[in-house]
Amino acid sequence: MRVDSKAEVPARLAAALYFCFFLSGAAGLIYEILWSRYLALYVGSTGLAQLIVLCAFMGGIALGSQVFGAVADRCANPLVWYAAMEIVIGLYALVFDGIFAMGRDLFLWAAQAAGAEAGNLAAAKIGASALTLLLPTFLMGGTLPMLGRQMVRTLDGIGPKISRLYFVNSIGAFAGCMLAGFWMIRAFGLSASMMAGGVVNLLVGVAALAIASRTVPQPAPRIEERAKGEPALSRNMALMVLAASALSGAVSMMYEVAWIRMLTLVLGSSTYAFSLMLATFILGLAIGGLILSFRKKTTGYGWIFALSSGGVGLTVILTLPFYVRLPFVFNQLASTITREPASFGIYQVCQFLLCALVMLVPTNLQGITLPAATKVVTDDLGTLGRRVGVVFAVNTLGTMGGAFFAGFWGLPHLGVKGVLELAVALNMAIGVAMLWTGRRHPLFRRLLPATVAVMVLAWAGYGLAMGPWDREVFSAGLYRVASRVPSFQDFQRDAARRKIVFYRDGTDVTVAVVDTEAERALVINGKADASTVGDLPTQKLLGHLPMLVHARPENVLVVGIGSGATIGSVLTYDVKRVDAVEISE
């Protein structure tokens, strides 16, 4: 029987707290983008460097979720703790320039002390980045368990309110991504943008303290009985949900990495295009949390988690055969406008629409999975904070693993298509495994064979509809063509006239060597960066001009190998040594 529940948080105060969490999410994503820019100054901009920053960010959040989740269950007023976290994060942002300088000096000292070998440099970068970001990300990880512990007063409220918190924080992250990517950095630079984020966190913390002063500390009651109709949470089911949450986080990042690479070939690799891709992905997750927050029933979250996980894979595999048409679709959208500064906003809308076409439905379903998993494992308000913290921590660790796998092994070995296919298979496996684990419940038993049958049919249809990855189409760089292509068949026919000599998805870029009737070109992310005809004089002049200006050149450094024409030009002179620096292998 249930213990008498405590009063709900008044509607106005709840709305204020949701708005605070929205602002917190916006500031958090602004920080992530700014930190990656700051740390790139000594960590670098390679795939490995970006992973180091991501792991430092996500690792701190995972640790904070775990630690503060347990603390939330023992503190009388979690809202005060939440306010303190926001205030400390804000203060940290205000003095971040000095902290960054200390981290950079630490890296330089460690690199000089240990030597310039690749392993030593990587270790120095990881250590300096982790120390620079640990405190704020650790505190960020604790905000959701603390606020969830404050907002949820009954077992019935776990599903809707955790979903709502997930939504407002994610939609805030979407807003922060758009602000940082399109306005703040360009208008104010890194330092002022960082301080603006700090001010937002300070205001959120002060507002939370004001709200806390109007609430009475109320320890959460314990629940003696699960909701009627909900299968008992066995140890096997709890472990399965946690494992599935971790794998779901990994799969989510596999999709993100593969989609961003594929859309880079469709939209180009500008900062604005990347910001739109990331923002669309976050928006989809946020909408998924919003959808789940409207659920009135307190039961059924287990099968919702299972079917939404499998549904992600199903929607991707059904749409994957149509990805080959995306360059043409974008051409039809973008060619309706004149590419000039006045139409910049409309052009970005066209890019957003294409990103949404690819990502929005699968990410909606993906956004349902994490709040649903949290509800499944939380059957006692007395341990709400700890269980929310654990689920979000393992999911965050999964995202780290998924990013590392997809970026450093998946893309180079499987390609974009292979990474997406593997992610689909894992998503479907999560859904089937969840239904199998809960098969003692009648609904799970009924859903299991139907779900398996639908998945088998989907893979069979995919096998019939999907051919090999059309490398000619994706390396064509149609996003650089301003005029409208008459038809997809014409585009495909023109692309087929190009002979692909080499094609590979790498950690940092997708590289192709293409032969046409007129020339051979080195194509990076759909853009020709070197050729045997068009820009060959430029490539050679880059080598000849400095050699002719210098009185007696002996040691030469060439940044970027490209086609090798610049290095070849340098080697026609009597030099002792030529070093070439290349960002991608």
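In the block above lies the structure referred to throughout.
Below or above, wherever it landed, is the structure these notes cover. (Residues numbered from 1 in each chain as written. Predicted model: local features only at pLDDT ≥ 70, side-chain atom pairs only at ≥ 80, totals over all residues. Heavy atoms only, no water.)

## Things to note about the sheet that holds strand β2 (residues 510-515)
- Pairing within the open sheet is antiparallel, and its four strands lie in the order β1-β2-β3-β4. Here the strands that pair on one side only, and so sit at the sheet edges, are β1 (499-505) and β4 (527-531). Adjacent strand axes in the sheet meet at a mean angle of 20 degrees, parallel and antiparallel pairs treated alike.
- With four bridges connecting them, strand β3 (residues 520-524) and β4 associate as antiparallel partners. Note that in β4 the partner of Ile524 across the bridge is Lys527. (Pairing = 2+ DSSP bridges. Helix = DSSP H or I, 4+ residues; strand = E, 2+ residues; numbered from the N terminus. Axes fitted to C-alpha atoms, helices over the stretch in contact; angles between N-to-C directions.)

## Here's the deal with the packing of aromatic side chains
- Enumeration over the complete set of coordinates arrives at 26 aromatic pairs.
- Each ring, one from Phe68 and one from Phe138, has its centre 4.9 Å from the other, and the planes form 50 degrees; the classification is tilted. Taken together, the residues span a long stretch of sequence, with Phe68 in helix α2 (residues 47-72) and Phe138 in helix α5 (residues 118-151) at a distance of 70 residues.
- The exposure class assigned to Phe68 is buried, which follows from its relative accessible area of 9%.
- When the centroid spacing of 6.0 Å and the interplanar angle of 65 degrees are considered together, the rings of Phe328 and Phe488 count as edge-to-face. Remark: Phe488 occurs in helix α15 (residues 488-496) and Phe328 occurs in helix α10 (residues 326-334); sequence separation between them is 160 residues. Of the two residues, Phe328 and Phe488, both sit in the buried class.
- Members of the aromatic cluster, joined through ring pairs, are Tyr31, Trp35, Tyr38, Tyr42, Phe57, Tyr92, Phe96, Phe100 and Phe107.
- Over the ring of Tyr301 we find Arg295, and its NZ or CZ is 5.6 Å from the ring centre.
- In this structure, Arg439 is placed above the aromatic ring of Trp436, and the distance from its NZ or CZ to the ring centre is 4.0 Å. (Phe/Tyr/Trp six-rings, centres within 6.5 Å; stacked < 30°, edge-to-face > 60°. Buried < 20%, exposed > 50% of the residue type's maximum accessible area, 1.4 Å probe, protein only. Lys NZ or Arg CZ within 6 Å of the ring centre and 35° of its normal.)

## Quick notes on the pattern of salt bridges
- Inspection of every chain in the model, using the stated rule, returns eight salt bridges.
- The salt bridge partner of Asp515 is Arg520, with a shortest N-O separation of 2.6 Å.
- In this structure, Lys527 engages Asp529 in a salt bridge whose closest nitrogen and oxygen atoms are separated by 3.0 Å.
- For Lys527, a relative accessible area of 33% corresponds to the partly exposed category.
- The partly exposed category is assigned to Asp529, whose relative accessible area is 40%. (Salt bridge = Lys/Arg side-chain N within 4 Å of Asp/Glu carboxyl O.)

## Structural notes on the packing of helix α1 (residues 11-39) against helix α3 (residues 78-94)
- Packing of α1 against α3 brings their axes to within 12 Å, and their N-to-C directions diverge by 30 degrees. With respect to each other, α1 and α3 are oriented roughly parallel. For the crossing formed where α1 meets α3, the hand is left-handed. Touching Leu17, Cys20, Phe21, Ser24 and Tyr31 of α1 are Leu79, Tyr82, Glu86, Ile89, Gly90 and Ala93, all from α3.
- Taken together, the residues of the contact of α1 with α3 break down into eight nonpolar, two polar and one charged. (Parallel < 35°, antiparallel > 145°, perpendicular 65-115°, else oblique. Left-handed = near helix turned anticlockwise from the far one by under 90°. Contact = heavy atoms within 4.5 Å. Nonpolar A, V, L, I, M, F, W, Y, C, P; charged D, E, K, R; others polar.)

## What about the pairing of strand β6 (residues 577-581)?
- Here strand β5 (residues 555-559) runs beside β6; their pairing, made up of five bridges, is parallel. Across the sheet, Val559 pairs through a bridge with Val581, a residue of β6.
- Taken together, β5, helix α17 (residues 565-570) and β6 constitute a β-α-β crossover, and its handedness is right-handed. (Right-handed = clockwise from strand over helix to strand, strands pointing away.)

## Describing the packing of α3 against α5
- At their nearest, the axes of α3 and α5 sit 9 Å apart, and the two run at 155 degrees to each other. One way to sum up the angle between α3 and α5 is to call them roughly antiparallel. Between α3 and α5 lies a crossing of left-handed hand.
- Tallied by class, residues from the contact of α3 with α5 come to 16 nonpolar, four polar and two charged.

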